[in-house]
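# Structure at a glance
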Amino acid sequence: MKTMGKKNKSDKGSERKRLVCDLRGTIYELENKLSEGGQGVVCYTQFPNVLVKVSKFPKEDPRAKAWFDHIQWVSRQPLDGLKIARPQALIDKPRHGYVMELMDGLEPLQHLLGLSLEAAKGGNGPHFFIESGGLSRRMRLLTALARTLAALHGRGLAYGDLAPSNVFVSRTREHAEVWLIDSDNISVLSREGGQKIYTPEYGAPEIIRGISGIDSLTDSWSFGVIAFQLLTLQHPLIGDIVSDGDPDDEERALKGELPWIDDPDDDTNRASSGIHRHWVLTKELQRLCHQCFGPGRNTPEARPTMSEWRAAFEAAAARVMNCSHCGSGFYFNRDSECHFCDYVQEDTEHVLMLHYLYTPVSEEEQQAGLTEWIKTGHVQVLGREPLELRASPVGTTSYAESELVCTLTMKEDDGLYIEPVSGVAVALQSKKSQETKILTKRMRLKETSRRGDTYMLHLSNSADTPHYAWRFKW
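Sequence positions are assigned chain by chain, starting from 1 and proceeding in written order. Thresholds applied to this predicted model are a pLDDT of at least 70 for local features of residues and 80 or more for the giving and counting of side-chain atom pairs; totals over whole chains, interfaces and linings are not thresholded and use all residues. The side-chain values count all of the structure's non-hydrogen atoms but skip hydrogen atoms and water molecules.

### A closer look at the sheet that holds strand E15 (residues 351–358)
Note the threshold: Note on pairing: DSSP must find at least two bridges between two strands before they are called paired. Strands here mean DSSP runs of E at least two residues long; helices mean DSSP runs of H or I at least four residues long; both are numbered from the N terminus. Convention adopted: a line fitted to C-alpha atoms gives each axis, helices being fitted over their contacting stretch, and angles between N-to-C directions are expressed from 0 to 180 degrees.
Ordered in space as E16-E15-E24-E23-E20-E21, the six strands form an open sheet in which the pairing is antiparallel. A strand with exactly one partner marks an edge of an open sheet, and here the two such strands are strand E16 (373–382) and strand E21 (436–439). Each strand of the sheet is rotated relative to its neighbour by a mean of 25°, with strand direction disregarded. Pairing of strand E20 (residues 426–430) with E21, which is carried by four bridges, proceeds in the antiparallel orientation. Residue pairing in the sheet places Val 426 in a bridge with Leu 439 of E21.

As structure tokens, then:
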């Protein structure tokens with residue numbers, strides 16, 4: 001935490017300033033309002049990157065005391081290592097509140113989402129989608145958010161009031177930092193009672209109906225809504241009949257009383273706008289969206305967990321190719337064609353990596369039809385950004401926690417660099433020559449040697465035990 005100076009309360013004109021004081025005696029001047037919820041208001045202060053949230057209720061109000069007690073509880077929770085702006089100091093004058101700190105260069109996700117939805121209403125949705133970073137940026141942001149929430153759930157905690165106003169992301173399209181503010185919403189995973197705070201359009205139906213408190217599955221719902229909106233520019237429950245109807249129709253929809261807009265068996269709430277689903281959602285993401293907003297609309301236990309969301313977004317992000325023409329990014333396809341601008345990428349712009357399980361078999365087993373190579377279906381695309389290969393393949397729930405094995409880097413007009421982690425050995429096998437090289441340090445496949453030959457990169461230096469390998473052509 002930065003060292004913060006004190007202001008003299010007797011300074012001339014201070015009575016016109018909004019001042020609050022923490023338990024250490026540090027005084028903060030509340031400047032522009034950043035966001036406002038049911039419990040309090042978040043404001044910028046005179047200190048760079050330091051925010052203060054102050055209760056809406058006077059200190060003597062029981063709601064203010066209960067909230068302040070909860071903040072103190074949150075400050076003791078195991079949030080280290082998570083990108084969550086936790087309470088750094090407690091405000092006690094004139095009202096309860098707390099201090100939080102954010103890194104520079106961030107803004108609420110609501111800014112990007114709001115502009116995207118406005119562009120969609122004006123018929124300029126796909127163009128703004130590309131101009132604001134396209135699929136590549138959105139997938140990086142959503143993957144980072146899913147990782148933070150999955151890690152939080154792994155510690156037995158739920159975030160609570162998850163909404164675009166509480167998610168802070170990098171302003172520039174080149175970066176993908178994601179932080180959560182309003183950590184006072186965090187609570188233990190409990191469906192019985194608990195907090196029933198939510199943001200309209202993002203609260204789970206059972207919270208809106210008042211029959212449940214927050215838990216991991218209400219977080220999963222809110223994350224799904226944010227992800228679906230950010231990618232398709234369409235709310236999953238607000239179709240044409242709701243948009244063209246009255247407020248009662250929207251209330252019914254948000255309570256889960258109407259089918260979701262992409263329900264395969266009921267088209268009464270279809271939406272005629274939005275980005276084409278297959279442009280922005282892989283088959284697995286489409287499946288999870290239906291699981292969340294279809295059966296999971298009124299049966300929370302049917303929803304994907306945040307670990308499932310995280311794995312699916314990591315796998316989807318690994319399939320994104322950057323379009324050298326429009327810059328949007330698109331999911332790899334056989335034609336290497338960007339859905340957003342129809343531009344076909346050069347084969348030299350990427351390397352397709354296919355994941356296999358290698359299981360040694362005897363001659364007798366080979367004669368019986370058993371194979372030593374089992375295709376797992378996991379895929380990664382190597383472009384101009386370095387690619388990490390881990391002990392578990394991308395798309396599995398254990399991927400993020402698994403050990404890094406090696407890094408691949410493709411440099412234009414130079415070649416492909418394979419660099420094992422220090423102390424780890426991998427093996428590169430050429431299908432053409434059948435030669436296998438054990439790699440303990442960085443090696444290069446030269447650009448001039450790129451002829452479409454097939455290689456297997458074994459994430460092990462032993463051919464006698466089962467292990468994972470990645471197949472690619474160079």
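Don't stop here, the text continues.
### A closer look at the packing of aromatic side chains
Defined as follows: For Phe, Tyr and Trp, where Trp contributes only its six-membered ring, two rings pair if their centres lie within 6.5 Å, and the inter-plane angle classes them as stacked under 30 degrees, edge-to-face over 60, or tilted in between. Think of it in three bands: with a 1.4 Å probe and only protein chains considered, a residue is buried below 20% of the maximum accessible area for its type, exposed above 50%, and partly exposed in between.
If you walk through the whole model with that rule in mind, you get 14 aromatic pairs. With a centroid separation of 5.7 Å and 70° between ring planes, the pair formed by Phe 228 and Trp 260 is classed as edge-to-face. Note that Phe 228 is positioned in helix H6 (residues 216–232) and Trp 260 in the loop between helix H8 (247–254) and helix H9 (277–280), a separation of 32 residues in sequence. Comparing Phe 228 with Trp 260 shows no difference in burial state: the two are buried. With a centroid separation of 6.2 Å and an interplanar angle of 40°, the aromatic rings of Trp 309 and Phe 313 are classed as tilted. Placement of both Trp 309 and Phe 313 in helix H11 (residues 306–318) is noted, with a separation of four residues, approximately one turn of the helix.

### Points about helix H4 (residues 134–154)
Heads up, the condition is: Expected helix span is given by 1.5 Å per residue-to-residue step, counting one fewer step than there are residues.
Spanning 21 residues, H4 covers 31 Å between terminal C-alpha atoms, matching the ideal 30 Å at 1.5 Å per step. Judged by how many residues are buried, H4 sits mostly within the fold: 16 of 21 residues are covered. In the stretch just after H4, Gly 156 is the one whose phi turns positive, near 80°.

### Structural notes on the pairing of E15
The element E15 is largely enclosed, with a buried count of six among its eight residues. Strand direction decides the pairing type here: E15 and E16, joined by seven bridges, are antiparallel. Residue pairing in the sheet places Tyr 356 in a bridge with Lys 375 of E16.

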